[in-house]
Amino acid sequence: AEIDQPLLERHKKPVCLIVLGMAGSGKTTFVQQLTGLLHMKKKAPYVINLDPACREVPYPVNIDIRDTVNYKEVMKQYSLGPNGGIVTSLNLFATKFDQVIKLIEKKSENTEIAIFDTPGQIEVFTWSASGSIISETLGALFPTVVVYVIDTVRSVSPVTFMSNMLYACSILYKLRLPFIIVMNKIDVVSHKFALEWMKDFEMFEEAVERDKSHHANLSRSLSLTLDEFYKDITTVGFSAVTGEGFEEFLAAVDAAVVEYETEY
Ligand code: GDP
Ligand code: MG
């Protein structure tokens, strides 16, 4: 069947997926849907929740940061606000990350994919020492892929689209790992417009001009920069609600693993 991914199966070590994206882009729902589909159609994934502040985890979780650190206690103990509490909790957890590695390695025989759900606010992961430690450690030990989740519904505005893509670009630049963009929520809006904008820079320009941007020149040079970024990136449409896009996503992971093997 199409969903049998020979490459993933041949791999001796689990492929690690680090799921990143703006708050509300649908990371947790994506992890939930992906986990459910993998349970049904392939081997069960190993799932790790790195968000200390989420109320509930809507998927079967193997390692939950909340079992190790209580972010409200951390806030009290170090007199921090919510953001400081979340960052410090992730830092505390990162000091024990060798144990997470050991657990994933133990599961290597039976697991093809390990999935990492990250804190709601993306900068907690991308602008913290712990985020770097976690992604560098995973990237050094396992075939690791960054899955960048984008809210397609919000991205119909070209300016929002571009700022989100620039953020994705800066993460790629910083983490230097194979990268998949997941255009999420296609049950609401098709991601066709995004594929067109990424393929044809002039179509994007037209959209920006219709948007009456005050920074036409800046938009133009930024989208030229992004053009370079788009060339190296795989984009997949997905619905974390319906599961549409699952097989295309698995194929993208497969290709990213090949890239990892040849370039890292
Ligand atoms: P996170 O902050 O990135 O983890 O985002 P969540 O997974 O908590 O999702 C944020 C909101 O978007 C929730 O209300 C979800 O129900 C909704 N959502 C997530 N994915 C989808 C999707 O594919 N389609 C639709 N329609 N809604 C979604
Ligand atoms: Mg979440």
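Heads up: the structure comes first, above all this text.
Rules used in this analysis
Residues numbered from 1 in each chain as written. Chains lettered and ligands numbered in written order. Predicted model: local features only at pLDDT ≥ 70, side-chain atom pairs only at ≥ 80, totals over all residues. Heavy atoms only, no water. Helix = DSSP H or I, 4+ residues; strand = E, 2+ residues; numbered from the N terminus. Rg over C-alpha atoms; globule rule 2.2 N^0.38 Å. Buried < 20%, exposed > 50% of the residue type's maximum accessible area, 1.4 Å probe, protein only. Contact = heavy atoms within 4.5 Å. Lys, Arg positive; Asp, Glu negative; His and termini not counted. Charge placed at Lys NZ, Arg CZ, Asp CG, Glu CD. Core = buried A, V, L, I, M, F, W, Y, C linked by side-chain atoms within 4.5 Å. Polar contact = N/O pair within 3.5 Å; in protein donor to acceptor, adjacent residues only side chain to side chain. Axes fitted to C-alpha atoms, helices over the stretch in contact; angles between N-to-C directions. Parallel < 35°, antiparallel > 145°, perpendicular 65-115°, else oblique. Left-handed = near helix turned anticlockwise from the far one by under 90°. Nonpolar A, V, L, I, M, F, W, Y, C, P; charged D, E, K, R; others polar. Pairing = 2+ DSSP bridges. Right-handed = clockwise from strand over helix to strand, strands pointing away.

A few points about the overall build of the protein chain
Counting its secondary structure elements, the protein chain contains 13 helices and seven strands. In terms of overall size, the protein chain behaves like a compact globule, its C-alpha atoms giving a radius of gyration of 19 Å where 264 residues would be expected to give roughly 18 Å. Expressed as lengths along the three principal axes of its C-alpha atoms, the size of the protein chain is roughly 55 × 50 × 35 Å. When the 264 residues of the protein chain are sorted by exposure, 51% land in the buried category. Of the contacts made within the protein chain by residues no fewer than 6 positions apart, 76% connect residues no fewer than 24 positions apart. Placing the 25 positive and 34 negative side-chain charges of the protein chain at their respective mean positions leaves the two points 6 Å apart.

As for the nonpolar core
Membership of the largest hydrophobic core comes to 51 residues, with the highest contact counts inside it found for Phe 116 and Met 165. Ranked by residue count, the leading element in this core is helix H9 (residues 158–175), at seven residues. When near neighbours in sequence (up to four residues on either side) are disregarded, Phe 116 contacts Cys 16, Leu 17, Ile 18, Val 19, Ile 48, Leu 50, Phe 97, Val 100, Ile 104 and Leu 138. Listed in part, the 29 residues of the second largest apolar core include Phe 30, Tyr 59, Val 147 and Ile 180.

Description of the side chain of Asn 49
Position of Asn 49 among the secondary structure elements: in strand E2 (residues 46–49). What makes Asn 49 buried here is its relative accessible area of 1%. There is a polar contact of 2.9 Å between the side chain of Asn 49 and the backbone nitrogen of Asp 51.

Points about the packing of H9 against helix H12 (residues 216–231)
H12 packs onto H9 with a crossing angle of 50° between their chain directions and a minimal axis gap of 10 Å. One element, H9, and the other, H12, form an angle in the oblique class. As H9 packs across H12, the resulting crossing turns out to be left-handed. Of the residues in H12, those touching H9 at Phe 161, Met 162, Met 165, Leu 166, Ala 168, Cys 169 and Leu 172 are Ser 219, Leu 222, Ser 223, Leu 226, Phe 229 and Tyr 230. Its residues assigned to classes, the contact of H9 with H12 shows 11 nonpolar, two polar and no charged.

Considerations on the sheet that holds strand E5 (residues 144–151)
A sheet is described by the order of its strands in space; here seven strands give the open sequence E3-E2-E4-E1-E5-E6-E7, paired in parallel fashion. Each having just a single partner strand, strand E3 (63–64) and strand E7 (234–237) make up the two edges of the open sheet. Bridge count between strand E6 (residues 179–184) and E7: four bridges; the pairing is parallel. Of the residues in E7, the one forming a bridge with Ile 181 is Thr 235. Set on the sheet, helix H8 (residues 129–141) makes contact with strand E1 (15–21), strand E4 (113–117) and E5; between it and E1 the angle comes to about 150°.

Here's the deal with the environment of Ala 168
Assignment of secondary structure puts Ala 168 in helix H9. The residues touching Ala 168, leaving out its near neighbours within four places in the chain, are Tyr 148, Phe 179 and Phe 229.

A look at the pairing of E5
Most of E5 is tucked away: eight of the eight residues are buried. A two-sided burial pattern is seen for E5, the buried positions comprising Thr 144, Val 146, Tyr 148 and Ile 150 on one face and Val 145, Val 147, Val 149 and Asp 151 on the other. Where E1 and E5 come together, six bridges link them in parallel fashion. Directly across from Leu 20, in E5, lies its bridge partner Tyr 148. Bridge analysis of E5 against E6 gives six bridges, and the strand direction is parallel. What sits directly across from Ile 150, in E6, is Met 183. With H9 bridging E5 and the parallel E6, this β-α-β connection has right-handed handedness.

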